[in-house]
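Architecture at a glance
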Amino acid sequence: MSPESRRLAASGEAAHQVPAADEMIAEALLAAAADPLHNPHPDHPGPLPDARPLPTPDQETWAAAKEANRQPRGVWSAPDRAADRPFQERPEPPSGDAVLTAALRRGLPVDEAVTTSIRGARRLDTAQWRSLCHALMTHPGTRRAGVAGAALVAQRAGLRELAWDLLRQLGPDDAARLAPAEYLRAGIAMADEDVSRTAADWVRHGAVTDAATLLEIARLLFVADEPGPAAEALDAARRGSGRTDEVEASIDHLAPWIEKALRPAAPARVPAGHVSFAVLDYKAPDEHVSSSNIGDTVQTVASLGHLLRHEGLRLHGDDAVAEPVRYLAGRVRPDHALPGPGADVHLTLVQRDMSHLDAVPPGTWMLAFGWYMHSQFDLRFDFPFHENLLPLFVSFHVNKHAILTPAAVEYLRAHGPIGCRDWTTVHLLLNAGVPAFFSGCLTTTVDTLFPDAPPPAAGAPAVYVDTPVPDHDTGAELVTHLHPSVRHAPFDRNVRHAVGLLDAYRGRYSRVVTSRLHAFLPSWAVGADVDFRPRNDADIRFAGLLDADEAGRRAMQERIRSVVAPAMAAILAGASREEVYATWRQTVADEVARARAVHDAPVPPPSGTCSVAEIVAAVRATRVVVEASAPRPGRTAGATGRGRGAVNVAVALDGNLRTQLEVVVAGVVRHTDRPVRVVALTRDHTPADHDRLARLFPEVTFEWYACDGIGYGAVLGMLKHITVATMDRLLLPELLPHLDRVVYHDLDALAVADLAELYDTDLRGAPLAARPSISYNYRHGIGNVIRSTRLLGHDAGAARDLVRAMTQRHRYGYHGFNAGILVLDLAVMRADRFTEEFVPYAERYGLNDQDVLNAYAGSRYQPLGPRWNAWPTQEVVTEPGLIHWAGPVKPWHEDRYVLLKEHWQAAETWLATRR
């Protein structure tokens, strides 16, 4: 290894984690590497691809499921994969204003300058760009530019409905000029039946000429199951303008996949009496998904040990797969071999993330293991597998509810129980009604194929695998598991690289130091001295793996071997599908029972340094009631009734929102003739504030509660534009024993209709009414939980408890809600002991107030329609009753345009007449 390969960064150079994204990040960093498995000084990374969620289609069959398994853009629940990336310095990108100005200076029309600038931005300041685009939309001459730009921003933010609503306003001709790929992507995500035909017409008539754009259209048509039009788009891309070496390489990568879809190969004929067995590889039409991680091949090597340890096998099939498997067969440790009558085994290479295009013989058995997160071009998961595959799931990992569609859940149930690599997957599957158990990681059993070998020589260097080499370890070497050569190499070469790498870890190096799970566990398994340094101990992928000691890992090895061996023996003996699955179910029955017991065991209630009872008592002691001096007619005593009773509105604020409180109350007072009671939980307020509001609103009764000095521990999930004052609303049920119902009202929202209609919502026994989130970043409840675990750093116990508590408490597939506008049944919440039990979630799990409320209610809430929590930045708003400017851009900001800001200004004007 060359000396420069020993250090990731020069001495004294600052190093920073690369933000979470696809494996292409690391590969871009390592593109200049000469040694296929060693990493010289990398350059700055290229654009960051996104990982995004999947809608829940209504599917009836597994075969249909894999054809329609599509997902829109928008990240919602992937774990923090920055923990798998090398450290790199990242330059600060230019501002959006600078990028747009440069585009205009080049002579682009305004609409093209806007879309080009947004499309090319590696990181996007969505608040800045939304304001610009919304301002452009207000002027006829620039409306098209604003609509197109706002659509691209919405698509980047995971707001697929808004993106499609806006893109359709452009019409096909303008869409072809300004956003052809985005238009096609949005239409596919929204299941528009005509969008693929429109894109194909663009290609045939030359409406799109840019090679990179035509390539993207080809990708999307391929995912939309339109291989013919995809081939036409790819041919057009070869002739298109602006071709680069990168585009040419991507065209060459995609072409054979389109050919496979156009002309599917017939599966090999497996002779009678032979066993058909699949070997997993990791190629995919999406270059971002086609694996560059040699650790994936390590998993395949480990899986093959469970086949090859059975003696007397005769291996058949294409030499490209049979020869490397024969090479592995010659490495089986004698002490791991299992006697048997032998069998003829026909091997077929199957791609994990695109199996439906493989020529799979009927009745092909497969060990299904590893990470199932990878969608093709951010629109399609190829899961369930090819209909001819018969999977036995072991060491399976999934953490996206999006992939667990009804059809996928049915498929897993039919092929279960599912052996899971980690406890997070166990809890998710049990929550979905899928029998599951904790198997642990398959790579712990890779030692089956590693016979004894000499130890490293005295004075051998240490090796650091995808983790920085410290300054003091001057003789150490650096190795990466991520490299472009892995993506493009044939299966045989990757197998030999994987084996050679593990041989080096145990025989060439004195010590292995790594942050990568699939370097740590297989290195340990083959006998290397390994030090695992995960960058986030609370990473949910490690649940059950990180806390396993030497004995625990040995038990993991034995568990995997003992559950796989009987089913594998039955397969090799020619048993029927029903007999093999019966053997599997019988073998793992005790493990499934154990997993259910762990899953169902009570989670210790969280506790913290804050005494909820003391907090409530302290705040209640500050209560000041200022009765209305000019009350409206109605029943005000008790104020719990509906009809003509008072409308109770609760707010929470600190001193920087005094003016906003006035506007919010003005919105309520202007539009309802019922009595109004405002409950204000305040910080940094004085009696002067009480008096000012009483003078402005003589028809309103105010209850004031001072929350100054109240703390909730380390609220890790607090958003940048939110203050701790919003947490105070969690106290409302106990602070207001005299009230049974309130509307909680954020200070960045404004009523523009009679709030009494919202107040009178029939909750049907639910503790609250709220509007379900529409962004795919926040729509899926369990996704929000998993995202919260990433904030827990090295508190793995808290992360595990939170996942288990939420999968116990809430039904599979529940949707998260926005908590900015709520109708709260305080009586129900008191009966549930909400404040006492859930306020500690803030300190124990780092949850903000919205997350706490979601953790409490889950799906047990009455959904509100868009009228009563309308989001102008997230949707096209029509006839709102209450406008909510959720996010960092507020209607009182004077330095930028804000949609529907005129309603806020009208309330300010009305309020001025009362001063």
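Worth saying up front: this structure is predicted, and the values here are computed from it rather than measured.

Put simply, the second largest pocket is a space of about 340 Å³. Lining the second largest pocket are 17 residues, with Asp 318, Thr 348, Leu 349, Asp 358 and Ala 359 sitting closest to its centre. Of all the secondary-structure elements, those providing two or more residues to the lining of the second largest pocket are α14 (319-329) and β3 (343-351). Ranked by the residues each element gives to the lining of the second largest pocket, the list is headed by β3, at 5 residues. Looking at the lining of the second largest pocket residue by residue, the class counts come to 10 nonpolar, 4 polar and 3 charged.

Moving on to the confidence of the model for the protein. Averaged over every residue, the pLDDT of the protein is 88; residues scoring 70 or more account for 87%. Within the model, pLDDT remains below 50 along residues 1-88, and this stretch shows 265 contacts once partners closer than five positions in the same chain are excluded. Of the regions scoring below 50 in pLDDT, residues 636-642 engages in 22 contacts with residues more than four places distant in sequence or in other chains.

When charged atoms on two side chains of opposite charge get close, those side chains can pair. Per the stated rule, a full pass over the model turns up 59 salt bridges. Salt-bridge contacts for Asp 466 lead to Arg 516; the nearest nitrogen and oxygen are separated by 2.8 Å. A residue pair is termed long-range when its members are at least 10 positions apart, and Asp 466 in the loop between β10 (462-465) and β11 (477-479) and Arg 516 in the loop between β12 (511-514) and α19 (517-525) qualify at 50 residues. For Asp 466, a relative accessible area of 4% puts it in the buried group. One salt bridge connects Arg 692 with Glu 662, and the closest N-O pair in it is separated by 2.6 Å. Here Arg 692, found in helix α24 (residues 687-696), pairs with Glu 662, found in helix α23 (residues 658-671); they are 30 residues apart in sequence, far enough to count as distant. A network of salt bridges, in which partner residues are shared, links Asp 111, Glu 112, Arg 144, Asp 174 and Arg 177.

The next point concerns the pairing of strand β7 (residues 389-397). Among the 9 residues that make up β7, 9 are buried, leaving the element largely enclosed by the rest of the structure. The sheet contact formed by strand β4 (residues 364-371) and β7 spans 7 bridges and is parallel. Of the residues in β7, the one forming a bridge with Trp 365 is Leu 390.

This paragraph deals with helix α28 (residues 796-809). Taking 1.5 Å per residue, 14 residues should reach 20 Å; α28 reaches 20 Å between its end C-alpha atoms and fits that length. Buried residues dominate α28, accounting for 10 of its 14 residues. Three or more residues of α28 are buried, namely Ala 796, Ala 798, Ala 799, Asp 801, Leu 802, Val 803, Arg 804, Ala 805, Met 806 and Thr 807. The inward-facing, buried residues of α28 abut α16 (423-431), α21 (577-600), α27 (781-789), α31 (840-845) and α32 (849-857).

Below, the discussion takes up the environment of Leu 428. As for its placement among the helices and strands, Leu 428 is situated in helix α16. With relative accessibility at 0%, the residue Leu 428 sits in the buried group. In this structure the C-alpha to C-alpha distance between Leu 428 and His 401, which are 27 residues apart in sequence, comes to 7.9 Å. With residues near it in sequence (within four places) discarded, Leu 428 still touches Val 398, Asn 399, His 401, Ile 782, Ile 786 and Thr 807.

Procedures and definitions
- Residues numbered from 1 in each chain as written.
- Predicted model: local features only at pLDDT ≥ 70, side-chain atom pairs only at ≥ 80, totals over all residues.
- Heavy atoms only, no water.
- 1 Å grid on protein atoms, 1.4 Å probe; cavity = no way out; pocket = protein on both sides within 12 Å on 5 of 7 lines; lining within 4 Å.
- Points joined across faces, edges and corners; volume = space filled by probe spheres on them.
- Helix = DSSP H or I, 4+ residues; strand = E, 2+ residues; numbered from the N terminus.
- Nonpolar A, V, L, I, M, F, W, Y, C, P; charged D, E, K, R; others polar.
- pLDDT = per-residue confidence, 0-100.
- Contact = heavy atoms within 4.5 Å.
- Salt bridge = Lys/Arg side-chain N within 4 Å of Asp/Glu carboxyl O.
- Buried < 20%, exposed > 50% of the residue type's maximum accessible area, 1.4 Å probe, protein only.
- Pairing = 2+ DSSP bridges.
- Expected span 1.5 Å × (residues − 1).

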